[in-house]
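Breakdown of the fold
Residues per chain are reported as follows:
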Number of protein chains: 2
Amino acid sequence: MEAVKVGVLGLGTVGSGVANILQRNADEIARRAGRGIRISTACVQDLKKQRACDVTDVTLTTDPNQVVSNTDVEIVLELMGGTDEARELVFKALDHGKHVVTANKALIAFHGNEIFLRAQEKGVTVAFEAAVAGGIPIIKALREGLAANSIRWLAGIINGTGNFILTEMCDKGRDFNEALKEAQQLGYAEADPTFDIQGTDAAHKLAILASVAFGVPLQFEKVYTEGITEISRMDAAYASELGYRIKHLGIAKRTPNGLELRVHPALIPHRRLIANVDGVMNAVIVNADALGPSLYYGAGAGAEPTGSAVVADLIDVVRALTTDPENRVPHLAFQPDALSDIPVLPMDDVLTAYYLRIHVVDRPGVLADVTRIFAVHAISIEAIIQKELQAGATSVPIVILTHQVNEQNMKRAIAELEDLSTVTSRITRIRLETLS
Amino acid sequence: MEAVKVGVLGLGTVGSGVANILQRNADEIARRAGRGIRISTACVQDLKKQRACDVTDVTLTTDPNQVVSNTDVEIVLELMGGTDEARELVFKALDHGKHVVTANKALIAFHGNEIFLRAQEKGVTVAFEAAVAGGIPIIKALREGLAANSIRWLAGIINGTGNFILTEMCDKGRDFNEALKEAQQLGYAEADPTFDIQGTDAAHKLAILASVAFGVPLQFEKVYTEGITEISRMDAAYASELGYRIKHLGIAKRTPNGLELRVHPALIPHRRLIANVDGVMNAVIVNADALGPSLYYGAGAGAEPTGSAVVADLIDVVRALTTDPENRVPHLAFQPDALSDIPVLPMDDVLTAYYLRIHVVDRPGVLADVTRIFAVHAISIEAIIQKELQAGATSVPIVILTHQVNEQNMKRAIAELEDLSTVTSRITRIRLETLS
């Protein structure tokens, strides 16, 4: 049987990774898929550019229409990034009856709902395993492997750059800027790292995971997002003393009042497996009603790990070429007419425990003032540690771990604490998740 | 659309788990699968027995033919265990054109090759996710999620009973018999625990994992198998001192000379995630050429975790009901006519590092005799620790970690060491895997 022909939009890092995998593992892939899979056409920006893959048998073009409307091409691979042009070209490909495989999390997070609708109308598939957690087959695990379960919550380290920075801060006592510079030198962070360190990238991925887990439409705009820029090495050290590690998590949780969708740093007990996921690696814990907790760990970025997920999607699409469209695995795990409209919970109503670092003048009665404010807001305290006054310092840090409280009460308490004349600087607040 | 009707052979622990999941999550499952799924008929041994699930709408029978040849039933669920009768009934079901879902690892390990051949002839599917690592979707991950990769090796904690016992020994300093008794009291171990503690159960599962990973036929009879009965709490304590934990692993590895298929206890560096998989939990690391290392963790047994995998298989089968048989995901990941006959490496040729505990009389020159024998067999030593002579003891333990050496050389060295008059008892030998 003839090989399935794939047209590619963008032959950069991930595109080259995909091309190299398809070439190197051509035999095993054909033995699995039942047919060969090869890249026939690729749209690139610069025809003369040196490539990280062999393009001998690939027709290169600078015109994306040569890919999306090419009658030879059965599957279009969107690896160009960005949302506007990518969206337009994906729609063109669907309208030409092509299946689409993409690694573009922003595209799916922003435009997934309309893209899946169009794909359904056209009887084709849009696959996006590579959009979340690189090569870890987490979309497949949620959509198919755990399909028997009602998912209670999931929590993931889904941004490798951020995890690398936090690992350096926790393990080597580095400060944020130093760790970020190292990440950039190693090629883990972009020259403009905003999307990674502000949590936007993780929020795109969380929106996708939540849809697949809970059967709700994609709603990136409702994800509460905090980055890691406020974490100091002092907090990393105190967390460690208390038996915790700081990780940047994407959390989606079903509660009686609605869904929690939130991305922020959190203290995690160091004995949890996910607390020991270090460097650029990603991991997702899923807590499901029948299976209980399960965890999926692996490389969240890089040419070949991401390529691994892209090629797995290609194989899935090839295997399903003869399936009636309505019997294929649905894009968002649930049948398109069976999505729910569970509301997303406002962040103010979310319950979590907290780590607080409060700098106060070293004077009797200060702790009494602080604890009184907690009592007023019904915040119960799990532990208080008052540090020694350092030589030359005028204030001492108090570290407090609280029990669960809703976000609004905590905000009010923090505002009142910061108004105390004995509190000398802004209070650092990091959420604490036991993940149990 | 009418619900798909499932006939069940065996309504014990797992069967009840499946029934409860199908009932409790009926709505979510139908939203995912596009059709409802319900148990219509079940074959049980005793019609009067109290069940752990609601059987109001289920026709109970003691005649398995009422299930396997029932024209209403589209999918047969084999949950009876054992290999002879199960094999016969699965063949009958296939011959009647039914799809089969099974949780029976022994059945697949022994009879999988002929079962899949018959299924292929009949154009139906046999699904067996629940046969390995309970609810962890590891078969799906290997067969579909990692389909782009050439798998280098995999290593798994795939027997929860054994892992519970070793965890108790390592963490609480218990001895083997005490830990086994506790496992039996908690219901984790059978009254006759032979299959778990001798490694047979893990060997069944490893044979299945290896086939799916490497595209080779099932060959349980070639799996080298050692259990955990020889591990003492002394070894658990020494391993811990040296920075390792002892785990019972199933390992399948591609080498230039053939496949390694082996089940045995091993020391693992304690910083590895899998070294921290405790109690009855299971985990599998897969090292693949494009993705690199990835890990899958979750409950390896129990009514609902196993039921989770069974129901996921049911949903997969339902989703694929209209697929042309040749386009379905192949049973062993690779197309049936594309399996390889890579040879399995004899255990004597396998390279691993070792932990050895040697009891010797406390006399000068003994260490020189020991190290001379290692040198003769080209075994290089990574570390030697000689323990203090305990009051009242006549011999001292020497603990040795070696670099990699082939099994045959190590066996010869051990035989010569045990012949030394200064070596006072049998040498304890545990393999050491860095899993890097």
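As the structure is a computational prediction, the values presented were derived from the model and not from experiment.

This part takes up the confidence of the model for chain A. Here chain A shows a mean pLDDT of 95. Residues at 70 or above account for 100%. The ipTM assigned to the predicted complex is 0.95, against a pTM of 0.95.

Moving on to the pairing of strand β11 (residues 281–288) of chain B. Side-chain direction in a regular strand flips from residue to residue, so the side chains alternate between the two faces of the sheet. Residues and elements named next belong to chain B. Burial within β11 is extensive, with 8 of its 8 residues counted as buried. What you see with β11 is no split at all: M281, A283, I285 and N287 on one side and N282, V284, V286 and A288 on the other are buried throughout. Sheet analysis places β11 next to strand β12 (residues 292–299), joined by 8 bridges and oriented antiparallel. Across the sheet, residue N287 finds its bridge partner in β12, namely P293. Counting the residues in the hairpin turn of β11 and β12 gives 3 residues.

The subject of this paragraph is the interface of chain A and chain B. Counting residues at the interface gives 66 residues for chain A and 65 residues for chain B. With both chains or domains summed, chain A and chain B bury close to 5100 Å², and 50% of this area falls on carbon and sulfur atoms. The largest share of the area that chain A buries against chain B comes from R31, R32 and R319 of chain A, three residues that together contribute 16% of it. R24 of chain A serves as the salt-bridge partner of D289 of chain B, at 3.0 Å between the closest nitrogen and oxygen. Run the count over chain A and chain B and you get 36 residue pairs in polar contact (both at pLDDT 80 or more). For the side of chain A that touches chain B, the element with the most residues is helix α12 (residues 303–319) of chain A, which contributes 9 residues.

Let us now look at the sheet that holds strand β1 (residues 4–9) of chain B. Residue and element names in this part refer to chain B. The sheet built from 6 strands is open, its strands ordered β3-β2-β1-β4-β5-β6 with parallel pairing. Across the chains shown, the open sheet's two edge strands, defined by having one partner strand only, are β3 (59–61) and β6 (126–127). Examined bridge by bridge, strand β5 (residues 99–102) and β6 share 2 bridges and lie parallel to one another. Bridge pairing in β6 links V101 to A127.

Glancing now at the packing of aromatic side chains. Taken as a whole and assessed by the stated rule, the structure comprises 7 aromatic pairs over all chains. Between Y296 of chain A and Y296 of chain B, the aromatic rings sit 6.5 Å apart at their centres with planes inclined by 70°, giving edge-to-face as the arrangement. Of this pair, Y296 of chain A sits in strand β12 (residues 292–299) while Y296 of chain B is found in strand β12, placing the two residues in two different chains. A relative accessible area of 1% means that Y296 of chain A is categorised as buried. A centroid spacing of 4.9 Å and a plane angle of 70° characterise the contact between F110 of chain B and F220 of chain B, whose relative ring orientation is edge-to-face. Pair noted here: F110 of chain B is in helix α5 (residues 105–122) and F220 of chain B is in the loop between α10 (200–214) and β8 (224–225), with a separation of 110 residues, a long-range link.

Taken in spatial order, the 6 strands line up as β3-β2-β1-β4-β5-β6 (chain A) in an open sheet, and their pairing is parallel. Looking along the sheet, the strands with just one partner apiece sit at the ends: β3 (59–61) and β6 (126–127) of chain A.

On to helix α14 (residues 407–419) of chain A. Along its 13 residues, α14 of chain A runs 19 Å from first to last C-alpha, staying within 8% of the 18 Å computed at 1.5 Å per residue. Next to the buried residues of α14 of chain A lie β8 (224–225), β13 (351–361), α13 (366–376), β15 (395–402), β16 (405–406) and β17 (428–432) of chain A.

To continue, consider the packing of helix α6 (residues 138–145) of chain A against helix α10 (residues 200–214) of chain A. All names here are of chain A. The N-to-C vectors of α6 and α10 enclose an angle of 15°; their axes lie 9 Å apart at closest approach. Considering their axes alone, α6 and α10 lie roughly parallel with respect to each other. Of the two possible hands of crossing, α6 and α10 adopt the one that is left-handed. Residue-level contacts link I138, I139, L142 and R143 of α6 to I208, L209, V212 and A213 of α10. Partitioning the contact of α6 with α10 into residue classes produces 7 nonpolar, no polar and 1 charged.

Residues and elements named next belong to chain B. With respect to the helices, strands and loops of the structure, I384 is situated in strand β14 (residues 381–386). Accessibility expressed as a relative area gives 32% for I384, which makes it partly exposed. Residues I384 and T402 lie 18 residues apart in sequence; the distance between their C-alpha atoms is 8.8 Å. For I384, the residues in contact, after removing those within four places along its chain, are L367, T371, I398, V399 and I400.

How each quantity is defined
- Residues numbered from 1 in each chain as written.
- Chains lettered and ligands numbered in written order.
- Predicted model: local features only at pLDDT ≥ 70, side-chain atom pairs only at ≥ 80, totals over all residues.
- Heavy atoms only, no water.
- pLDDT = per-residue confidence, 0-100.
- Buried < 20%, exposed > 50% of the residue type's maximum accessible area, 1.4 Å probe, protein only.
- Helix = DSSP H or I, 4+ residues; strand = E, 2+ residues; numbered from the N terminus.
- Pairing = 2+ DSSP bridges.
- Contact = heavy atoms within 4.5 Å.
- Buried area = accessible area lost by both parts, 1.4 Å probe.
- Salt bridge = Lys/Arg side-chain N within 4 Å of Asp/Glu carboxyl O.
- Polar contact = N/O pair within 3.5 Å; in protein donor to acceptor, adjacent residues only side chain to side chain.
- Phe/Tyr/Trp six-rings, centres within 6.5 Å; stacked < 30°, edge-to-face > 60°.
- Expected span 1.5 Å × (residues − 1).
- Axes fitted to C-alpha atoms, helices over the stretch in contact; angles between N-to-C directions.
- Parallel < 35°, antiparallel > 145°, perpendicular 65-115°, else oblique.
- Left-handed = near helix turned anticlockwise from the far one by under 90°.
- Nonpolar A, V, L, I, M, F, W, Y, C, P; charged D, E, K, R; others polar.

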